[in-house]
Amino acid sequence: MGATGGAETEIETWSDALLRVRGLDAGYGDLQILSDVDLDVRDGEYVTIVGPNGAGKSTVMKSVFGLTSHMGGTVTFAGTEITAMDPEEIIYEGLGYVPQNDNVFASLTVRENLEMGAYILDETPEDALREVFQRFPILEERQDQKAGTMSGGQQQMLAMGRALMLSPEMLLLDEPSAGLAPDLVDEMFEKVSEINDTGTAILMVEQNAKEALRRCDRGYVLVGGENRYEDAGETLLADETVRQDFLGG
C-alpha cells in the first residue's frame with residue numbers, strides 16, 4: 001500500500017525480498033532510535049530512505065550492518081537471519097556498506113584501499129579490480145595516490161569501489177552525495193544507477209531526497225524512527241503531503 005492523500009500507510013510486504021527488516025527496534029547503548037521499522041528490498045531493486053534530520057535513516061543502515069544496539073525485531077538477508085551477526089560476518093553474506101564519514105583509509109593509496117575491500121579473500125580478485133577501474137576510471141589513474149589527498153567526490157567513488165570488490169548482492173549507501181560540490185552530485189547519482197543496472201541491489205539513505213526518489217524504484221519515508229510512507233519513488237514525489245512535509249514543497 002502506498003502513500004495516497006497524505007494518509008499514513010501500512011508497509012507492503014514482499015515474499016521475494018532479498019533484504020527483509022521486520023519490527024526493528026534499535027539504537028545506541030540504551031538510547032532507542034528506531035521503533036518497529038519494516039523494510040524490504042528485492043533482488044536487483046533500488047530503494048531509498050528519506051525523511052527529516054534525526055529521523056533515524058542512517059541508524060537503519062547501521063542496524064542492517066550490525067553496527068547498533070539491537071533491541072527487537074529481525075533482519076534477514078537472502079534467507080539468512082543476520083540480526084545478531086557482526087559486520088565481519090555480514091560481509092560474507094553478500095552485503096557491502098559505504099558509511100557517510102571516514103569511509104577511506106587516508107594514509108593508504110587508492111589501490112591499497114581497494115585491496116582492503118577484499119581482505120577476507122586470500123588474494124585480490126583481479127577481475128573485480130578491473131571492473132572497479134572500468135566503472136571509476138579516475139581510480140585507475142590515481143591508483144598510486146594517497147586516498148587522503150583526493151577530493152571528496154573521488155574519495156566517495158573510492159569508498160564505493162572498495163565495497164564492490166567482493167561483488168556484493170546488495171550495497172548499502174549512507175548519504176553518498178553529502179559534502180559533494182553541486183556539479184559532482186549528478187555524477188554520483190549516475191554512478192549509483194550504473195551499479196544498480198548491473199544487478200546489484202541498492203539501499204540508500206540520501207539527503208537530496210527529490211533526486212533520490214526520481215531515480216529509485218521505491219522509497220520509504222522515515223519519521224521519528226518509525227515508518228510513515230512507502231511507495232514507488234515517483235508516487236511519493238507526486239504526493240502533496242509528502243512533498244510539503246518532507247521534501248520542501
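Residues numbered from 1 in each chain as written. Predicted model: local features only at pLDDT ≥ 70, side-chain atom pairs only at ≥ 80, totals over all residues. Heavy atoms only, no water.

Peer 1: Describe the sheet that holds strand β1 (residues 17–28), listing the residues and the values that go with them.
Peer 2: The sheet built from four strands is open, its strands ordered β2-β1-β4-β5 with antiparallel pairing. Since the sheet does not close on itself, it has two edges, and those belong to β2 (31–42) and β5 (80–81), each with one partner. Alignment of strand β4 (residues 69–77) against β5, held across two bridges, turns out to be antiparallel. Considered in β5, the bridge of Phe77 is made with Thr80. (Pairing = 2+ DSSP bridges. Helix = DSSP H or I, 4+ residues; strand = E, 2+ residues; numbered from the N terminus.)

Peer 1: Help me get a handle on the pattern of salt bridges, residues and values and all.
Peer 2: Summed over the entire model, instances satisfying the criterion amount to eleven salt bridges. One salt bridge in this structure joins Asp40 and Arg20, with 3.6 Å as the shortest N-O distance. Taken together, the positions of Asp40 in strand β2 and Arg20 in strand β1 put the pair 20 residues apart, joining distant regions of the chain. We classify Asp40 as buried; its relative accessible area is 0%. Residues Glu211 and Arg214 are paired through a salt bridge, measuring 3.3 Å at the closest nitrogen-oxygen approach. Of this pair, Glu211 and Arg214 both sit in helix α8 (residues 209–215), separated by three residues, roughly a single helical turn. Residue class for Arg214 comes out partly exposed when judged on its relative accessible area of 44%. Each of the salt bridges in this network shares a partner with another, and the network as a whole consists of Arg42, Glu45, Arg218 and Glu230. (Salt bridge = Lys/Arg side-chain N within 4 Å of Asp/Glu carboxyl O. Buried < 20%, exposed > 50% of the residue type's maximum accessible area, 1.4 Å probe, protein only.)

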